[in-house]
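Each chain, written out:
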Amino acid sequence: MKIGYPCINWTIGCKGNKTFRLKSYSEDRLIETVNNNLDCLKKILNYNIKNNFLFFRITSDLIPFASHPICTFNWQDFFKQKFLELGEIIKDNDIRISMHPDQFIVLNSNREEVVNRSIKELEYHADVLDLMNLESDAKIQLHIGGAYGDKQKSISRFNEKYKKLDFKIKKRLVIENDDKIFSLKDCLNLFDKSGIPILFDVLHHKVLGDDEKIESVLEKQRKTWKKSDGIPMIDYSSQKDGFRPGSHAESIDLKDFKNFINDSKGYDFDIMLEIKDKEKSAFKALKIINSDHRFGKMRWNHG
DNA sequence: TCACGTCAAGCAGAT
DNA sequence: ATCTGCTTGACGTGA
């Protein structure tokens with residue numbers, strides 16, 4: 001069981017998700033920005049190692065415009081060495097990595113140009129993880145996408161598109177239940193057709209799910225992950241009081257988190273904390289995990 | 001130095 | 001029709 005937070009670290013004073021306007025695109029600007037982002041990622045990883053945060057989501061902004069037609073620069077080759085170094089740090093310290101392409105990536109869109117752009121963006125994500133030489137347990141998580149009023153058709157369309165993807169994407173792709181359209185049940189439906197592992201989002205399931213016991217849910221999820229996929233991943237976040245169901249809290253709700261950890265006895269998974277204050281809440285979560293004798297002191301002695 | 005209009009991209013639901 | 005949310009405001013022009 002590892003604990004992580006997504007994309008940004010508020011403590012160390014660098015930003016690894018710097019970008020710029022399309023209008024200001026130039027090769028120099030790209031190189032400068034990517035150098036900044038990769039250097040910052042290294043600092044974040046080192047901070048995380050020191051603090052036992054062994055799960056991290058790398059921002060999709062790492063290489064701005066990587067999949068945009070304007071970018072003809074061979075960033076893969078240019079930054080090869082830096083990627084390799086980052087990969088070494090990640091592997092030497094047994095860090096789990098995920099990425100989460102954003103809302104514009106809709107593999108099953110009914111607009112062909114959207115599908116094509118989405119595939120390019122998925123290739124970019126896969127390239128980043130491949131350049132770091134990471135195993136297939138480094139994952140790219142995606143929602144099922146556009147429903148257009150017919151979920152069954154939408155799921156089938158996703159499966160058709162998935163089948164045609166390059167293996168470098170397929171081996172990393174996992175799907176996440178969302179809080180609006182595609183519930184865990186829908187993801188299981190897609191799994192039956194496609195074999196795509198399910199990343200379980202606890203809060204989304206609370207908003208769009210049923211009262212099924214958490215153990216039973218985790219049991220179903222676990223079965224969707226093959227050995228080569230690694231330990232199942234879950235997203236955990238706390239509900240922001242008084243806001244629409246599913247909106248993320250500033251800080252972790254420790255009572256709720258404790259309950260979740262208690263209810264999930266017997267299951268191992270890596271937890272991504274989608275909480276706005278990032279590492280601050282991760283410290284609190286880690287404390288709870290560490291104080292739970294089930295997990296002992298072990299996991300953090302990864303040497 | 002700072003205010004503030006705008007930013008590559010999709011989709012769904014609320015107003 | 002327009003706005004908001006999504007994992008996260010931040011870029012960059014003009015004064």
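Before any of the text, the structure's been laid out above.
For clarity, every value in this text was computed on a predicted model and none was experimentally measured.

Draft legend 1. The overall build of chain A, seen in detail. Counting its regular elements, chain A contains eleven helices and eight strands. Here chain A has a C-alpha radius of gyration of 19 Å; the compact-globule value for 303 residues is 19 Å, and the two agree. Projecting the C-alpha coordinates of chain A onto the three principal axes gives extents of approximately 50 × 45 × 40 Å. In chain A, buried positions account for 53% of the 303 residues. Taking the intrachain contacts of chain A between residues at least 6 apart in sequence as the baseline, contacts between residues at least 24 apart amount to 77%. Here chain A displays about 14,300 Å² of accessible surface, and carbon together with sulfur accounts for 50% of that area.

Draft legend 2. The nonpolar core, seen in detail. Counting residues in each nonpolar core, the largest one holds 84 residues, and the members touching the most others are Trp75, Phe257 and Ile271. Element by element, the count of residues in this core is highest for helix 1 (residues 27-50), at ten residues. Counting six residues, the second largest nonpolar core, distinct from the first, contains Val174, Leu199, Met233 and Met272.

Draft legend 3. Geometry of helix 3 (residues 80-92). With 13 residues, helix 3 extends 18 Å between its outermost C-alpha atoms, agreeing within 8% with the 18 Å of an ideal straight helix rising 1.5 Å per residue. Listed as buried for helix 3 are Phe83, Leu86, Gly87, Ile89 and Ile90. Down the axis, helix 3 shows its buried residues gathered within 160 degrees of arc, on one side only. Helix 3 presents Gln81 and Asp92 as exposed residues on the side facing more than 90 degrees away from its buried surface. The elements touched by buried residues of helix 3 are helix 1, helix 2 (75-78), strand 3 (96-99) and helix 4 (112-131). Just beyond helix 3, the residue with positive phi is Asp94, at close to 55 degrees.

Draft legend 4. Region of the structure containing unusual backbone geometry. Positive phi is not limited to glycine here, since Asn52 has a value of about 65 degrees. Summarising the element assignment, Asn52 is placed in the loop between helix 1 and strand 2 (55-58). Backbone geometry places Tyr148, a non-glycine residue, at a positive phi of 50 degrees. Inspection of the secondary structure assignment puts Tyr148 in the loop between strand 4 (139-142) and helix 5 (151-163).

Draft legend 5. Local environment of the pattern of salt bridges. Tallying each qualifying case throughout the model produces 21 salt bridges. The partner of Arg111 in a salt bridge is Glu113, and the shortest N-O contact between them spans 3.3 Å. Its relative accessible area of 45% is what places Arg111 among the partly exposed residues. For Glu212, the salt bridge goes to Lys220, with nearest N and O atoms at 2.8 Å. Its relative accessible area of 36% is what places Lys220 among the partly exposed residues. When salt bridges that share partners are traced, they join Arg57, Asp235 and Glu274 into one network.

Draft legend 6. Main features of the protein's contact with DNA strand B. Taken together, 17 residues form the shell around DNA strand B, and within it Arg21, Leu22, Ser109, Ala147 and Tyr148 come nearest. Within 4 Å of the protein, the contacting atoms of DNA strand B are drawn from sugar and phosphate to the extent of 53%. Note that a phosphate oxygen of DNA strand B is positioned 2.4 Å from one of the backbone N or O atoms of Leu22. With respect to DNA strand B, the side chain of Arg111 contributes an N or O atom lying 3.2 Å from a phosphate oxygen. Broken down by class, the residue content of the surface near DNA strand B amounts to eight nonpolar, five polar and four charged.

Draft legend 7. Quick peek at the protein's contact with DNA strand C. Around DNA strand C sit 22 residues, and of these Ser24, Arg29, His100, Asp102 and Arg244 come closest. Each atom of DNA strand C within 4 Å of the protein was classed as base or backbone; sugar and phosphate made up 66%. One of the backbone nitrogen or oxygen atoms of Asp102 is found 3.4 Å away from a base oxygen of DNA strand C. Class assignment of the residues belonging to the surface near DNA strand C gives a composition of four nonpolar, eight polar and ten charged.

Reading the values: rules and limits
- Residues numbered from 1 in each chain as written.
- Chains lettered and ligands numbered in written order.
- Predicted model: local features only at pLDDT ≥ 70, side-chain atom pairs only at ≥ 80, totals over all residues.
- Heavy atoms only, no water.
- Helix = DSSP H or I, 4+ residues; strand = E, 2+ residues; numbered from the N terminus.
- Rg over C-alpha atoms; globule rule 2.2 N^0.38 Å.
- Buried < 20%, exposed > 50% of the residue type's maximum accessible area, 1.4 Å probe, protein only.
- Contact = heavy atoms within 4.5 Å.
- Areas by Shrake-Rupley, 256 points an atom, 1.4 Å probe, with all protein chains shown as cover.
- Core = buried A, V, L, I, M, F, W, Y, C linked by side-chain atoms within 4.5 Å.
- Expected span 1.5 Å × (residues − 1).
- Arc of directions from axis to C-beta.
- Salt bridge = Lys/Arg side-chain N within 4 Å of Asp/Glu carboxyl O.
- Near = heavy atom within 4 Å.
- Polar contact = N/O pair within 3.5 Å; in protein donor to acceptor, adjacent residues only side chain to side chain.
- Nonpolar A, V, L, I, M, F, W, Y, C, P; charged D, E, K, R; others polar.

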